[in-house]
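# Understanding the architecture of this molecule
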Amino acid sequence: MKALVLSGGMGTRLRPLTYSTPKQLIPVAGKAVLEHVIDNILAAGITEIGMVVGGQGDKIREVIGDGGRFGARITYIPQDQPLGLAHCVKIARDFLGDDDFLMYLGDNVLPEGVAGIAGSFAAHRPAAQLVVQKVADPRAFGVAEVDEDFTVTALAEKPEVPRSNLALIGVYFFTPAIHTAVDAIRPSARGELEITDAVQWLVANGATVKASEYLGFWADTGNVDAVLECNRRLLDELPPQQLGTVDAASRVDDSVVLAAGCRVVNSRIEGPAYIGPGSVVEDSHIGRYTAIGADCSVRHTLIEDSIVQDGSTLSDLPGLSGSLIGRTASVSATRRHRLIVGDDSRVEVAT
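Residues numbered from 1 in each chain as written. Predicted model: local features only at pLDDT ≥ 70, side-chain atom pairs only at ≥ 80, totals over all residues. Heavy atoms only, no water.

### Quick notes on the nonpolar core
Residues Leu4, Val89, Met103, Leu130, Phe174, Ile178 and Ile195 are the most contacted members of the largest nonpolar core, which totals 36 residues. Looking at this core element by element, the count peaks at five residues for helix α7 (residues 195-204). Setting aside anything within four residues of it in sequence, one finds Met103 in contact with Leu4, Leu6, Leu85, Val89, Gly170, Val171, Tyr172, Phe174 and Ile195. Of all hydrophobic cores here, the second largest spans 33 residues; its members include Ile38, Ile41, Ile64 and Tyr214. (Core = buried A, V, L, I, M, F, W, Y, C linked by side-chain atoms within 4.5 Å. Buried < 20%, exposed > 50% of the residue type's maximum accessible area, 1.4 Å probe, protein only. Helix = DSSP H or I, 4+ residues; strand = E, 2+ residues; numbered from the N terminus. Contact = heavy atoms within 4.5 Å.)

If you want it as structure tokens, here you go:
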């Protein structure tokens, strides 16, 4: 089985961060969302990965590479325009060949993974197997209707009047039958080849399509609040490790991860939290659910429930919470309590 990871989205709801960084590379609990996706794919026993990328594909290649450091082999597949999930399957045809495959949206976080569902698919090989979860308001999702055996009887994309509360959550398993379906459908009213239309074509033409309910935490990291919630969930599960140095004047909870090469000086760090390699925390209070990236400097600052990306500097901040700071940013002496700061930005003495 192969995997197809879709990483071409623009991430407009995460601007200004995504002007310079693909949303799939925003870190949660010290690691890019896309790296969590790859971990889940490897846990399902899949090592050959096709990655569909858009206009910022060079940045994804720079961070993810050829897959060797993960024990995988990654083939990059450029998509010039975002023309739908089924379009991604179409342009990946040469890579996929006649293999079964897992299709995974590259901005989705499923900490419990999909290895069990992958095993079920491999054992029974329906034409398609959709990963679903019950949601309070299905109108923002593709929705699956199922019978008592969780065989899919119908699908709808963002229905105004949903007939089910089972939302498609961005993970799909397919046999090569999906290629015939993709070739048979036409663009939707929004000009995209919808994967729900392709799967509905399979259902209408007598193919077996199953649904598997994912019961763990799931989020699409498409906005700041979702990113921060994922950070909290993953920090809760991160095994504590203290490889950095801590001076005698500091207090660090047992539930904190201190990466090798970081230093904590005259500071308090509450867990769960993550401090990346090479970072320095001095005369500061790092509150719960904070992840500081690599090579950051945090001085005379109180911060909690936030993400600070690699290479950034924070100083003289009386209290930040619910904030997301981009790479190599500089933030100092601001009275604001919540900030969304893009890469390479400078914020100081703001009221």
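So that's the structure; there's more coming.
### Let's talk about the pattern of salt bridges
For the structure on display, the rule yields 19 salt bridges. Between Asp183 and Lys90 there is a salt bridge; the shortest N-O distance is 3.1 Å. One end of the pair, Asp183, is in helix α6 (residues 177-184); the other, Lys90, is in helix α3 (residues 85-91), with 93 residues separating them in the sequence. We note a salt bridge from Asp253 to Arg268, for which the minimum N-O separation is 2.7 Å. In this pair, Asp253 is assigned in the loop between β16 (251-252) and β17 (256-258) and Arg268 in strand β19 (residues 268-269), connecting sequence segments 15 residues apart. Here the residues in one salt-bridge network are Glu157, Arg190, Glu192 and Glu194, joined through shared partners. (Salt bridge = Lys/Arg side-chain N within 4 Å of Asp/Glu carboxyl O.)

### Focus on the sheet that holds strand β14 (residues 241-242)
The strand order across the open sheet built from seven strands is β14-β17-β20-β23-β25-β27-β29, with neighbouring strands paired in parallel fashion. Among the strands making up the open sheet, the edge pair consists of β14 and β29 (340-341). As judged from the three bridges shared by strand β20 (residues 273-275) and strand β23 (residues 290-292), these two strands associate in the parallel manner. Among the inter-strand pairings, Tyr274 is bridged to a residue of β23, identified as Ala291. (Pairing = 2+ DSSP bridges.)

### Here's the deal with the layout of surface pockets
In this model, the second largest pocket occupies a volume close to 280 Å³. Those elements that provide at least two residues to the lining of the second largest pocket are β3 (31-32), β23 and β25 (307-308). The class makeup of the residues in the lining of the second largest pocket is 11 nonpolar, three polar and five charged. (1 Å grid on protein atoms, 1.4 Å probe; cavity = no way out; pocket = protein on both sides within 12 Å on 5 of 7 lines; lining within 4 Å. Points joined across faces, edges and corners; volume = space filled by probe spheres on them. Nonpolar A, V, L, I, M, F, W, Y, C, P; charged D, E, K, R; others polar.)

### A closer look at the pairing of strand β4 (residues 48-53)
Along β4, five of the six residues are buried, which leaves the element largely enclosed by surrounding structure. In this sheet, β4 lies alongside strand β1 (residues 2-7) in parallel orientation, the contact comprising five bridges. Residue pairing in the sheet places Ser7 in a bridge with Val53 of β4. Sheet topology note: the β4/strand β5 (residues 73-78) ladder contains six bridges and is parallel. Looking at the pairing, Glu48 lines up with Arg73 of β5. Taken together, β4, helix α2 (residues 57-64) and β5 constitute a β-α-β crossover, and its handedness is right-handed. (Right-handed = clockwise from strand over helix to strand, strands pointing away.)

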